[in-house]
Amino acid sequence: TILDLSQRLTTATSLSDQRLLDYQAAQALANQRLAALQIAQAAAEELRGDVAALEAEQVRLEALVAQGDQDVPGQALAAGQGTVADLIAESIAKLGENVQFLAAARVKLAGPGSIGGYVHSNRKIGVLVALRSDKAVAGDALDVLAKDLAMHVAASQVNGIRGEDIDPAVLAKEQEIYAAQAEASGKPAAIVAKMVQGRLGKFIKEVSLLEQPFVKDPERSVKQLIAETAQRAGASLSVDRFVKLQF
């Protein structure tokens, strides 16, 4: 009948409209996914560029490390920024002062730990201290300790981390001085030898970093300070190296 035909047409039209809506929704979803894919591809291209830049920078830094502390003024800065000597020349032009390169030192620590630095207020003493740890330690305890140790070295006469680290030439010179002083006393050779050894032992203790009273708390030695920090951190700590530049 006409009524049945009309109902069928209405149903068919509704079905067609629904399929159209489904198609449009699917098309919109496809467009969204395409846009997301394009964004991801762009991000990947940018990441590849960043990785390439990082790899190039790593190569540059490795080359600088290979050069060590030799001919620092001739070493290149970041790409396109010239050399250290160029930077010094620019500073001279800006400041109107005679700026000279005197010395450089690089401290590298393999494994967990911290490298602390300190520059004295007169800008004429600078220290780097490498503090080694047997494990990673959360927080800034190692950084604080490394900086405190650098400050201590800046304020003190330190010839070595331990007695055995002191330059033998320095010990030989001190022993010669003590021997001359002891012999001038006119005492027997056996007594003179004991006097020399006693004074030399005292000197070694005075100039060995770990044996010195901590400059910020003389009631504790540097060795005790490190041990206390290690106990709180739950790690084994040791001073690996220090460098002091002074002029």
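One can find the structure itself at the top, above this paragraph.
To keep things clear, this report deals only with the structure shown in the data block. (Residues numbered from 1 in each chain as written. Predicted model: local features only at pLDDT ≥ 70, side-chain atom pairs only at ≥ 80, totals over all residues. Heavy atoms only, no water.)

**Some points on the overall build of the chain**
Threshold: Going along the chain from the N terminus, every DSSP run of H or I of four or more residues is numbered as a helix, and every run of E of two or more is numbered as a strand. Partly exposed residues are those whose accessible area sits between 20% and 50% of the maximum for their type, while under 20% is buried and over 50% is exposed, using a 1.4 Å probe and protein chains only. Note on contacts: a residue pair qualifies if any of its non-hydrogen atoms lie within 4.5 Å across the two residues. To be clear on the numbers: accessible area is Shrake-Rupley with a 1.4 Å probe, and residue cover counts the displayed protein chains and nothing else.
When you go through the chain residue by residue, the secondary structure sums to six helices and five strands. When the elements of the chain are put in sequence order from the N terminus, they spell out α-α-β-β-α-α-α-β-β-α-β. Expressed as a percentage of its 247 residues, the buried residues of the chain come to 23%. Across the chain, every contact between residues at least 6 apart in sequence was considered, and the portion connecting residues at least 24 apart equals 56%. Counting only carbon and sulfur atoms, one obtains 57% of the accessible surface of the chain, whose full area is about 16600 Å².

**Quick notes on the nonpolar core**
Soluble, globular proteins show a tendency: their nonpolar side chains are buried together. Which entries qualify depends on this criterion: In this description, a nonpolar core means a group of buried Ala, Val, Leu, Ile, Met, Phe, Trp, Tyr and Cys residues linked to one another through side-chain atoms lying within 4.5 Å.
Counting residues in hydrophobic clusters, the biggest one holds 25 residues, and the most contacted among them are Val129, Leu131, Leu149, Ile226, Leu237 and Val239. Listed by contribution, the elements that provide at least two residues to this core are β2 (125-133), α3 (141-155), α6 (222-233) and β5 (237-246). Looking at which element gives the most residues to this core, the answer is α3, with seven residues. Setting aside residues up to four positions removed in sequence, Leu149 forms contacts with Val129, Leu131, Val222, Leu225, Ile226 and Val239. Counting residues in hydrophobic clusters, the runner-up holds ten residues, among them Tyr178, Ala179, Leu200 and Phe203.

**Examining helix α4 (residues 168-183)**
The line we're drawing: By this rule, a helix spans an expected 1.5 Å times one less than how many residues it contains. Note that the arc is defined by the directions from the helix axis to the C-beta atoms. Think of a polar contact as two N or O atoms within 3.5 Å of one another; within protein, one of them needs to be a possible hydrogen donor and the other a possible acceptor, and neighboring residues in sequence only count if both atoms come from side chains.
The terminal C-alpha atoms of α4 lie 22 Å apart, and with 16 residues this matches the ideal 22 Å at 1.5 Å per residue to within 8%. Buried within α4 are the following residues: Leu171, Glu174, Tyr178, Ala179 and Ala182. Across the axial projection of α4, the buried residues extend over an arc of 140°, all falling on one side. The exposed set on the far side of α4, more than 90 degrees from its buried face, consists of Lys173, Glu176 and Glu183. The secondary structure elements touched by the buried residues of α4 are α5 (189-207). Where α4 starts, the residue carrying a side-chain oxygen 3.0 Å from the main-chain nitrogen of Ala169 turns out to be Asp167.

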